[in-house]
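Listed below, chain by chain, are the residues.
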Amino acid sequence: MNGDLTVSAASKDTLPTVFGYIGIGVAFGIVGKAAGLSPLLVTLMSIITYAGSAQFVIVSMLVTHSPIFSIIFSVFLVNSRMILMSTTLASYFKYDSMFKNILVGTLLTDESFALGMNKLNYSDNHLNFAWFNTANVISYMTWILSSLVGAVLGNFISNPEKFGLDFALVAMFIGLLYLQLISDKSIKFNLQLIVVGFVLVAIYLGLIFIPSSLLILLVTLVACSFGVVMKHAFF
């Protein structure tokens, strides 16, 4: 990764995350097919909903015949963290049109957000529409195609965990976290490790008392506050 914010640079920067999308996208397609959805419906869900983990929630709730409003509310809770991510990115696109801002926000994912935050370490704290939109579109198309492939493979594979596909997303985030830790020079490395440790403990304890759909949002808010306090108090 370098400081270039071109379409070509975005294509290269996004490539490492593509393999994570492929693994989890194929896994979703297989799960969706096993739940009784056709390849067409699986693909349409990835095109229209495009919500990663929330799509697994939708499939599981459809199987249990949950009410439509319960499904909508659950998906909103799972994806509510996107409000925080979009708000964080908004300042980098304040001179772009409303349409471009909506496009960036619509296709934003955890992975493209993490990629963008890592890019700031190389681009003198700048982002532009061309780079971010390219990263988003590549991620979007990869997810759609992977879901379709998974749905087709679902006729032959019933258990994606057998091939480790369920770990693909976790592995990708571990890689993104590592890149962030070694490249961000604006925050002391020890502080980053402390915050990461705090998040791990908070998630572990939170799973005991808090629904997982709310946990990520709450831990994000608390961890951000904790990091700010630690930085100004001790670093």
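Thresholds applied
Residues numbered from 1 in each chain as written. Predicted model: local features only at pLDDT ≥ 70, side-chain atom pairs only at ≥ 80, totals over all residues. Heavy atoms only, no water. Axes fitted to C-alpha atoms, helices over the stretch in contact; angles between N-to-C directions. Helix = DSSP H or I, 4+ residues; strand = E, 2+ residues; numbered from the N terminus. Parallel < 35°, antiparallel > 145°, perpendicular 65-115°, else oblique. Contact = heavy atoms within 4.5 Å. Nonpolar A, V, L, I, M, F, W, Y, C, P; charged D, E, K, R; others polar. Patch = residues over 30% accessible without salt bridge, like charges linked within 9 Å, V, L, I, M, F, W, Y side chains within 5 Å. Areas by Shrake-Rupley, 256 points an atom, 1.4 Å probe, with all protein chains shown as cover. Salt bridge = Lys/Arg side-chain N within 4 Å of Asp/Glu carboxyl O. Buried < 20%, exposed > 50% of the residue type's maximum accessible area, 1.4 Å probe, protein only. Expected span 1.5 Å × (residues − 1). Arc of directions from axis to C-beta. UniProt positions renumbered as here; feature names shortened; annotations may be inferred. Core = buried A, V, L, I, M, F, W, Y, C linked by side-chain atoms within 4.5 Å.

A. Seen up close, the packing of helix α1 (residues 7-34) against helix α3 (residues 53-63). Close contact between α1 and α3 brings their axes to 10 Å; oriented N to C, the two are set at 10°. Between α1 and α3, the interaxial angle falls into the category roughly parallel. Across the interface between the two elements, Ile24, Ala27, Phe28, Val31 and Gly32 from α1 touch Gln55, Phe56 and Val59 from α3. The residue inventory of the contact of α1 with α3, partitioned by class, reads six nonpolar, two polar and no charged.

B. Just a nonpolar patch on the surface, in detail. A cluster of nonpolar residues, Leu40, Leu41, Leu44, Ile47 and Ile48, forms a patch on the protein surface that exposes about 480 Å² of accessible area. Tracing the backbone through its elements, the reader meets Ile48 in helix α2 (residues 39-48). Exposure remark for Ile48: the relative accessible area of 67% places this residue in the exposed category.

C. Molecular detail of helix α10 (residues 189-209). In a regular helix each residue adds 1.5 Å, so 21 residues correspond to 30 Å; α10 covers 31 Å between its end C-alpha atoms and thus fits that length. Here α10 has its buried residues at Leu191, Gln192 and Gly206. Here the buried residues of α10 occupy an arc of 95° about the axis, which is enough to place them on one side. Residues Leu200, Tyr204, Leu207 and Ile208 are exposed on α10 and point more than 90 degrees away from its buried face.

D. Just the environment of Val57, in detail. With respect to the element layout, Val57 can be found in helix α3. Since its relative accessible area comes to 23%, Val57 is described here as partly exposed. For the pair Val57 and Val78, spaced 21 residues apart in sequence, the C-alpha to C-alpha distance is 8.7 Å. In contact with Val57, other than residues within four places in its own chain, are Ser74 and Val78.

E. View of the UniProt feature "transmembrane region" (unreviewed entry) in the chain. Mapped onto this numbering, the UniProt entry gives "transmembrane region" (unreviewed entry) at residues 20-44, 137-157, 163-182, 189-209 and 215-234. Helix makes up 84% of residues 20-44 and strand 0%, with an end-to-end C-alpha separation of 20 Å. For residues 137-157, helix accounts for 81% and strand for 0%, while the C-alpha atoms at its two ends are 28 Å apart.

F. Seen up close, the nonpolar core. In this structure, Phe28, Met45 and Trp143 are the most contacted members of the largest nonpolar core, which totals 20 residues. Apart from the residues lying within four places of it in its own chain, the contact partners of Trp143 are Tyr21, Ile24, Gly25, Phe28, Ser46, Tyr50, Gly52 and Gln55.

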